Amino acid sequence: MTQSNTQTILALDTSSDMLCCAVARVASANDKVKLLSSGDHMCRRHANEELTSTALAALDDAGLSMADVDGVLVGRGPGSFTGVRIGVATAKGLSCGLSKPLYGASTLDATAWTAWLAGVRGILAVVLDAMRGEVYPGIYELDNQGVRRAFASETVQKIDACVAEWAARSDRDELFLTGNGLVKYQDKFEAADFWGFLRESVWFPTAEALVWAWARDTAGRGESPQNSGDPALVLPVYTRLSDAEENERQRLGMAAPASVEVTGVADELANMHLQLRPMSVNDVEQVAALEAAAFVDGVHTPWTRAMFEEELAQPGSTWWVAHDMGTIVGFAGAMLAGDVLDVLDIAVDKDHRRQGIARRLLQRLAYDGHVLGAQAIALEVSAGNDAARALYESLGLSVAGTRRNYYGRGNDAVVMRADLPLVFASDLAQPEPQASIRPWPPVAAPRDAQAQERLAAAAPLILAIESSCDETAMAIIDGQGRIVSNVVATQIDFHARFGGVVPEIASRKHTEAIVGVYEETLARAGQKLGVDTLVPTDLAAVGVTAGPGLVGALVVGVAFAKGLCAAADLPLIAVNHLEGHLLANLFETPDLEPPFVASLVSGGNTMLVHVRDWGDYELLGATIDDAVGEAFDKVAKALGLGYPGGPVISKLSAKGNPRAIAFPRAMMHSGDYRFSLSGLKTAVITYIQGENKAGKPINLPDLAASFEAAVIDVQVSKAVRAIEETGADDFCVGGGVAANPKLREAYKVTFGKQGVRVTVPPFAACGDNGAMIALAALRSYNAGLLSDLSLDAAPNAKLGTWTCDLAPTVWHGEQDWLKP
């Protein structure tokens, strides 16, 4: 505890099936805790619905209000990933709404303090359920003075390994056992002759115990980020990476991290985009040319095309290329020699050096060597090549010897070697979360009468939050429909290496970014309105995307919004993500009025909608398998072009012939409005495999243009039929794929001949953003369509959920946020 005065603390934890919530006073003189009220109760899978209302009830039971809270405390886990994030995101919202400090404490520690409060003294073994046959273990020493850890940091362990480890302790018969892991695994401990089980009523943590754990600083962190009071720095304890990242580490031959306490996202993997692929015979011509251009120093003799072809055919060899939209910019190869992987050649185009390409190629070789059974990796490098030697040293290689005159008289080679798997320096240090953009808690600068008048004229000001996929976005809209700030924090780099969005990573990054995006959004709006920053009391309401989308990602935004509303006493507005994309067309055509037909195309949706009136949406048809954006991403992944696939395929197609390859137009003549992209995607992948097998080079621009044409032909054909059948004279497009230049142009050309007006959102409004959510939120606010604090994420929400028949309020003047 870092504050000098007695504090009223609102504590909450949703890491387990026990929803913990209490109000307590902490005296700094002796760090004693006085419980004022408690709302702890079992709550399996409904924490996001019940947490904020439970917090308000606990304050009411204590005879207090949010204004009496001096600080918020949250259990950081370990526990259920989604459960932990519900608590942390809600707590961040509460802290931001109150402009009061947020602190974090360990749920494992809180479980130990629960036993202490129940009178237990001695050696305590805590085991929390980590799912998948794993547990979060911890050993504590309990005496009359309190609770002390006998371990450094939280870890995850297989249950059988935990039982065996504790069974081998010399004091095993003195252990008291507790924790919700016993619900599943008590029989395993009993089978190992453990007997000191505490009663089941104290197996789960309590909010009171969480306050004790924080007040007594059980983790011994002192002035750590979790105790700074800055909500941006309070993040969950996960103990392990997402499944996708664990697999990626193994694929790259990386050693596992000791712990994942800070964010649970391996930031050092973020730059490893999917622009690496195995070398094939089709690449030899480009590779040989790059080799000849790279080694012109007269020291090295470049390999010939025949040499590359021969090495590619050797068993135990591994060759990889790095490419930029199909153009090879680097390559590397190695051969297994006994139990050592011998790196034979590595080169990077001179215009692409110092971008980490050689490092990524070597990491890929290291993984392959490890899989092939190599115990070490070795290479030769010119003794005078300081840059290359520094790179290899950063990867863990060290000098193992020297070969005199290896590259000719007077040109020695240094032999460098490392054991596999490689351990990189970045594996040893976890990324630090970013602090708030101003000291916390923030204090707004004094406002004069003119500033107050400007704010009053802009009212009502509504904050909108979007977190349905991989963008953490917020915007503020004024009462006239003008966007006064719009901030988007993208996660593309964190998903690119996987060829698509990884839901668990998306959820973690939202939790990490949401406070910073909130602060930046309020600051930009304040500057627009002539003050240093807005504060929660300047807002009239908070709108949030509640669905559809990725459930874990939605949960973070919804929980933060509810915490903010509960703390600042603001109305909550649920917004439909699809309706946001539809309304984004108003940024381009403010006078747009129903009826019209809209195509919603993105990474998760492909549908045609007849907008009969505002809030009256008839779904004409949707995809029966892949969405358009998803098909673009999968084709790009098959070609090794990286993620997201839409932009790169669009750039390639501009140089290609759309009639070069006859790909199928699935369901184009089905007589209805359904779509199917799976067959087209399969046809493209089959074509790629066939060309590779035949040893033919693939013309990437032609392939991209032909694929894109097949997609567009079907989209336009069905849209034309929808316009004809509905009689509408307006057509709109919404969603990320609406940014595709050829799709936009195809609609305009086709419908222009029929006298149908086509609206496509500005490019900045096509992807996920807070501005489109703000439009919908303002409309619902004006209609009085509000949600209560039981709102939860609805990942499968249909278009039309949380809507009304009121026309949107749209600013008809210039929108500054849309300027290039």
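In this report, the structure presented in the accompanying data block is examined. No experiment lies behind these values; they were computed from the predicted model shown. (Residues numbered from 1 in each chain as written. Predicted model: local features only at pLDDT ≥ 70, side-chain atom pairs only at ≥ 80, totals over all residues. Heavy atoms only, no water.)

### Quick word on the pattern of salt bridges
Right, so step 1: Overall, the coordinates contain 37 salt bridges when judged by the stated rule.
Right, so step 2: Here Asp 17 and Arg 44 are joined by a salt bridge, their closest N and O atoms 3.1 Å apart. One end of the pair, Asp 17, is in the loop between β1 (7–13) and β2 (18–27); the other, Arg 44, is in the loop between β4 (41–42) and α1 (47–61), and 27 residues separate them in sequence.
Right, so step 3: Given the relative accessible area of 26%, Asp 17 is considered partly exposed.
Right, so step 4: Taking the shortest distance from any N to any O, the salt bridge between Lys 509 and Glu 512 comes out at 2.9 Å. Highlighted residues: Lys 509 and Glu 512, both in helix α14 (residues 503–528), separated by three residues, approximately one helical turn. (Salt bridge = Lys/Arg side-chain N within 4 Å of Asp/Glu carboxyl O. Helix = DSSP H or I, 4+ residues; strand = E, 2+ residues; numbered from the N terminus. Buried < 20%, exposed > 50% of the residue type's maximum accessible area, 1.4 Å probe, protein only.)

### Observations concerning the pairing of strand β6 (residues 102–105)
On a regular strand, each side chain points to the face opposite its neighbour's, so the side chains alternate between the two faces of the sheet.
Right, so step 1: Here β6 shows no split at all, with Leu 102 and Gly 104 on one side and Tyr 103 and Ala 105 on the other all buried.
Right, so step 2: The pairing of strand β5 (residues 71–75) with β6 spans four bridges and is parallel. Each bridged residue has a counterpart across the sheet, and for Val 72 the counterpart in β6 is Leu 102.
Right, so step 3: Taken together, β5, helix α2 (residues 81–98) and β6 form a β-α-β motif whose crossover is right-handed. (Pairing = 2+ DSSP bridges. Right-handed = clockwise from strand over helix to strand, strands pointing away.)

### Notes on helix α5 (residues 182–191)
Side chains that are three or four residues apart share a direction in an α-helix, a result of its 3.6 residues per turn.
Right, so step 1: When we look at burial in α5, the residues that qualify are Leu 182, Tyr 185 and Phe 189. Within α5, the buried residues cover an arc of 100° as seen down the axis, which keeps them to one side.
Right, so step 2: Where α5 is buried, its residues meet β7 (122–129), β8 (134–143), α4 (159–167) and β11 (175–178).
Right, so step 3: Two residues or fewer past α5, Asp 193 is found with a positive phi of approximately 70°. (Arc of directions from axis to C-beta. Contact = heavy atoms within 4.5 Å.)

### Focus: empty space enclosed by the protein
Right, so step 1: Taken as a whole, this structure holds four cavities of 30 Å³ or more when the rule is applied.
Right, so step 2: The computed volume of the second largest cavity comes to approximately 60 Å³.
Right, so step 3: In this structure, the second largest cavity is lined by Pro 664, Arg 665, Ala 666, Phe 675, Ser 676, Leu 677, Leu 680, Ala 710, Val 711, Val 714 and Gln 715.
Right, so step 4: With four residues, helix α20 (residues 700–726) is the largest single contributor of residues to the lining of the second largest cavity.
Right, so step 5: Taken together, the residues of the lining of the second largest cavity break down into eight nonpolar, two polar and one charged. (1 Å grid on protein atoms, 1.4 Å probe; cavity = no way out; pocket = protein on both sides within 12 Å on 5 of 7 lines; lining within 4 Å. Points joined across faces, edges and corners; volume = space filled by probe spheres on them. Nonpolar A, V, L, I, M, F, W, Y, C, P; charged D, E, K, R; others polar.)

### A few points about the state of the cysteines
Right, so step 1: Per the stated rule, a full pass over the model turns up zero disulfides.
Right, so step 2: Distance from the sulfur of Cys 469, which forms no disulfide, to the nearest cysteine sulfur (Cys 766) is 16 Å.
Right, so step 3: Cysteine Cys 732 shares no disulfide, and the gap to the nearest cysteine sulfur, in Cys 766, comes to 12 Å. (Disulfide = S-S within 2.5 Å.)

### A short note on the layout of surface pockets
Right, so step 1: Put simply, the largest pocket is a space of about 1400 Å³.
Right, so step 2: For the lining of the largest pocket, the secondary-structure elements that each account for two or more residues are β21 (483–490), α16 (577–583), α17 (628–638) and α18 (645–653).
Right, so step 3: With six residues, α17 is the single largest residue contributor to the lining of the largest pocket.
Right, so step 4: Of the residues in the lining of the largest pocket, the class split is 20 nonpolar, 18 polar and eight charged.

### Overview of the pairing of strand β27 (residues 730–734)
Right, so step 1: Counted residue by residue, β27 has five buried out of five residues, so it is predominantly covered.
Right, so step 2: Here β27 shows two buried faces, one formed by Asp 730, Cys 732 and Gly 734 and the other by Phe 731 and Val 733.
Right, so step 3: Relative to β27, strand β24 (residues 596–601) is paired through four bridges, and the arrangement is parallel. Across the sheet, the residue bridging to Ala 598 is Cys 732, located in β27.
Right, so step 4: Where β27 lies against strand β28 (residues 757–759), three bridges are found, and the strand directions are parallel. By the bridge assignment for β28, Phe 731 is matched with Val 758.

### Quick notes on the environment of Gly 333
Right, so step 1: Here Gly 333 lies in strand β14 (residues 327–337).
Right, so step 2: Distance from Gly 333 to Val 555, taken between C-alpha atoms, is 45 Å for residues 222 residues apart in sequence.
Right, so step 3: Other than its neighbours up to four places away in sequence, Gly 333 contacts Thr 318, Trp 319, Asp 342, Val 343, Leu 344, Asp 345 and Leu 365.

### Observations concerning unusual backbone geometry
Right, so step 1: Going from Gly 77 to Pro 78, the amide bond is cis rather than trans, its omega being 10°.
Right, so step 2: Summarising the element assignment, Pro 78 is placed in the loop between β5 and α2.
Right, so step 3: Residues Trp 440 and Pro 441 are joined by a peptide bond in cis, for which omega reads 0°.
Right, so step 4: Counting through the fold element by element, Pro 441 comes out in the loop between β18 (413–419) and α12 (449–458).
Right, so step 5: At Asp 569, a residue that is not glycine, the phi angle is positive and equals roughly 55°.
Right, so step 6: Residue position: Asp 569 is located in the loop between α15 (551–568) and β23 (572–576).
Right, so step 7: The exposure class of Asp 569 is exposed, given its relative accessible area of 69%.
Right, so step 8: We note that Met 667 has phi near 60°; this positive angle belongs to a residue other than glycine.
Right, so step 9: Within the secondary structure, Met 667 sits in the loop between α18 and α19 (678–693).

### Some remarks on the sheet that holds β24
Either a parallel or an antiparallel arrangement is found when strands of a sheet pair, and the pairing is made through backbone hydrogen bonds.
Right, so step 1: Strand order in the open sheet formed by five strands is β26-β25-β24-β27-β28, with mixed pairing between adjacent strands. Only two strands of the sheet have a single neighbouring strand rather than two, namely β26 (616–622) and β28. Shown here is a sheet whose adjacent strand axes are inclined to one another by a mean of 20°, direction ignored. (Axes fitted to C-alpha atoms, helices over the stretch in contact; angles between N-to-C directions.)

### A look at the sheet that holds strand β19 (residues 462–466)
Right, so step 1: Spatially, β21-β20-β19-β22-β23 is the arrangement adopted by the five strands of the open sheet, whose pairing is mixed. The sheet is open, and its two borders are formed by β21 and β23, each paired with just one other strand. Strand-to-strand twist across the sheet, computed as the mean angle between neighbouring axes with direction ignored, equals 20°.
Right, so step 2: Packed on one face of the sheet, α14 meets β19, β20 (471–477) and β21 and runs near 25° to β20.
Right, so step 3: Along the sheet, α15 contacts β19, β20, β22 (541–547) and β23; its crossing angle with β22, the most-contacted strand, is approximately 160°.

### Comments concerning helix α6 (residues 207–215)
Right, so step 1: Counted residue by residue, α6 has eight buried out of nine residues, so it is predominantly covered.
Right, so step 2: Considered for burial, the residues of α6 that qualify are Ala 207, Ala 209, Leu 210, Val 211, Trp 212, Ala 213, Trp 214 and Ala 215.
Right, so step 3: The elements touched by buried residues of α6 are β1, β2, β3 (32–38), β5, β6 and α3 (107–117).
Right, so step 4: Asp 217, located one to two residues past α6, shows a positive phi value of around 50°.

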